[in-house]
Amino acid sequence: AAVLWAVFQPTLNPTWWQGIAFIVAIFTGFLTRFILLWILGLATFWITRVSALFELYFGLELFFSGRLVPMALMPIWAQQAAAWMPYQWSFGFPIELLMGRLTVAQTLYGFAMQGLWAGIGAVVLAILWRWRCGDASGAPLVWFSGAAYVAMLANAKFYPQYFLQLLPPLAAVSACGLTFAWRAT
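Everything in this summary refers to the structure shown in the same document. Since the model is a prediction, treat every value here as computed from it, not as a measurement. (Residues numbered from 1 in each chain as written. Predicted model: local features only at pLDDT ≥ 70, side-chain atom pairs only at ≥ 80, totals over all residues. Heavy atoms only, no water.)

1. Re the overall build of the chain
1) Next: Of regular secondary structure, the chain possesses nine helices and zero strands.
2) Next: Ordered by position in the sequence, the α and β elements of the chain form the string α-α-α-α-α-α-α-α-α.
3) Next: The buried share among the 185 residues of the chain stands at 33%.
4) Next: For the chain, long-range pairs separated by at least 24 residues make up 68% of all intrachain contacts whose partners lie at least 6 apart in sequence.
5) Next: In the structure as shown, the chain presents an accessible area of about 11600 Å², 74% of it carried by carbon and sulfur atoms. (Helix = DSSP H or I, 4+ residues; strand = E, 2+ residues; numbered from the N terminus. Buried < 20%, exposed > 50% of the residue type's maximum accessible area, 1.4 Å probe, protein only. Contact = heavy atoms within 4.5 Å. Areas by Shrake-Rupley, 256 points an atom, 1.4 Å probe, with all protein chains shown as cover.)

2. Focus: the nonpolar core
1) Next: Membership of the largest hydrophobic core comes to 18 residues, with the highest contact counts inside it found for Ile35, Ile39, Leu42, Tyr57, Phe64 and Leu125.
2) Next: Looking at this core, the elements with two or more residues in it are α2 (16-42), α3 (51-64), α4 (76-83) and α7 (104-132).
3) Next: In terms of residues, this core owes the most to one element, α2, which gives five residues.
4) Next: Aside from chain neighbours lying at most four places away, what touches Tyr57 is Leu36, Leu37, Leu40 and Tyr87.
5) Next: Residues Ala21, Trp89, Leu97 and Trp117 belong to the second largest nonpolar core, which totals eight residues. (Core = buried A, V, L, I, M, F, W, Y, C linked by side-chain atoms within 4.5 Å.)

3. Points about the packing of α2 against α7
1) Next: Close contact between α2 and α7 brings their axes to 9 Å; oriented N to C, the two are set at 25°. In terms of orientation, α2 lies roughly parallel with respect to α7. As for how α2 packs across α7, the hand of that crossing is left-handed. Contacts between α2 and α7 involve Trp17, Ala21, Val24, Ala25, Thr28, Gly29, Thr32, Ile35, Leu36, Trp38, Ile39 and Leu42 on the former and, on the latter, Val104, Thr107, Phe111, Gln114, Trp117, Ala118, Gly121, Ala122, Val124, Leu125, Leu128 and Trp129.
2) Next: Considering only residue class, the contact of α2 with α7 consists of 18 nonpolar, six polar and no charged. (Axes fitted to C-alpha atoms, helices over the stretch in contact; angles between N-to-C directions. Parallel < 35°, antiparallel > 145°, perpendicular 65-115°, else oblique. Left-handed = near helix turned anticlockwise from the far one by under 90°. Nonpolar A, V, L, I, M, F, W, Y, C, P; charged D, E, K, R; others polar.)

4. Remarks on the packing of α2 against α3
1) Next: One can describe the packing of α2 onto α3 by two numbers: an axis separation of 11 Å at closest approach and a directional angle of 155°. Overall, the two elements α2 and α3 adopt an arrangement that is roughly antiparallel. Classified by chirality, the crossing of α3 by α2 is right-handed. Counting all contacts with α2, which are made through Arg33, Leu36, Leu37 and Leu40, the residues of α3 involved are Leu53, Phe54, Tyr57, Phe58 and Glu61.
2) Next: Residue classes in the contact of α2 with α3 are distributed as seven nonpolar, no polar and two charged.

5. Description of the packing of aromatic side chains
1) Next: Tallied over the entire structure, the rule returns 10 aromatic pairs.
2) Next: Seen in terms of ring centroids, Phe63 and Phe64 are 4.8 Å apart; in terms of plane orientation they differ by 85°. Their pairing is edge-to-face.
3) Next: An aromatic cluster of at least three residues, connected via ring pairs, comprises Phe54, Tyr57, Phe58 and Tyr87.
4) Next: It is Arg67 that lies over the ring of Phe91; its NZ or CZ is 4.6 Å from the centre. (Phe/Tyr/Trp six-rings, centres within 6.5 Å; stacked < 30°, edge-to-face > 60°. Lys NZ or Arg CZ within 6 Å of the ring centre and 35° of its normal.)

6. Digging into the pattern of salt bridges
A side chain of one charge can pair with a side chain of the opposite charge when the charged atoms of the two come close.
1) Next: One pass over the full model with this rule turns up three salt bridges.
2) Next: Here Arg33 and Glu61 are joined by a salt bridge, their closest N and O atoms 2.7 Å apart. On the criterion of sequence distance, the pair formed by Arg33 in helix α2 and Glu61 in helix α3 is long-range, its members being 28 residues apart.
3) Next: Here Arg101 makes a salt bridge to Glu96, at a shortest N to O gap of 3.7 Å.
4) Next: Here the residues in one salt-bridge network are Arg33, Glu61 and Arg67, joined through shared partners. (Salt bridge = Lys/Arg side-chain N within 4 Å of Asp/Glu carboxyl O.)

7. Some words on α2
1) Next: Taking 1.5 Å of rise per residue, the 27 residues of α2 would be expected to cover 39 Å, and the 40 Å separating its terminal C-alpha atoms lies within 8% of that figure.
2) Next: Regarding α2, the residues found buried are Gln18, Ala21, Ala25, Gly29, Thr32, Ile35, Leu36, Ile39, Leu40, Gly41 and Leu42. (Expected span 1.5 Å × (residues − 1).)

Written as structure tokens, this is what we have:
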């Protein structure tokens, strides 16, 4: 990053309100992305090989967020498609704020889109969570996932690709198990 900064010498000219909005936008973008990745993690209850699903998600995110190529350099159809997806609002929007390129109206619209995607994600997450983590006793799930975490961490240095593939399903199993155990008390 330091080399790129030295070579391209970007200029950041945010006003005071854009600096504050940037801090909020980073947090809300993280929240939106966290919710969407949690939903993706819950998909592991139904899909045994999630690596292709994760790669598709992250490929779309890389392309439509402006991380691979700035949105201003993308074709019009890609810019229009990205405007309706959550990726640009999680990554591109905070960066544009920091660069001082957005007006107050554009900033408010960006926050509205972040809120819309966080809300959609929260509703889908609640539905999937309730559907999958219904009313069973979860103590065995907690024990299983705890043992699996230990085994996974012990083997992470030997098989890092499996560590990344197993983490979301184990996190979802642990969370469901803790929910079950909490309901049982």
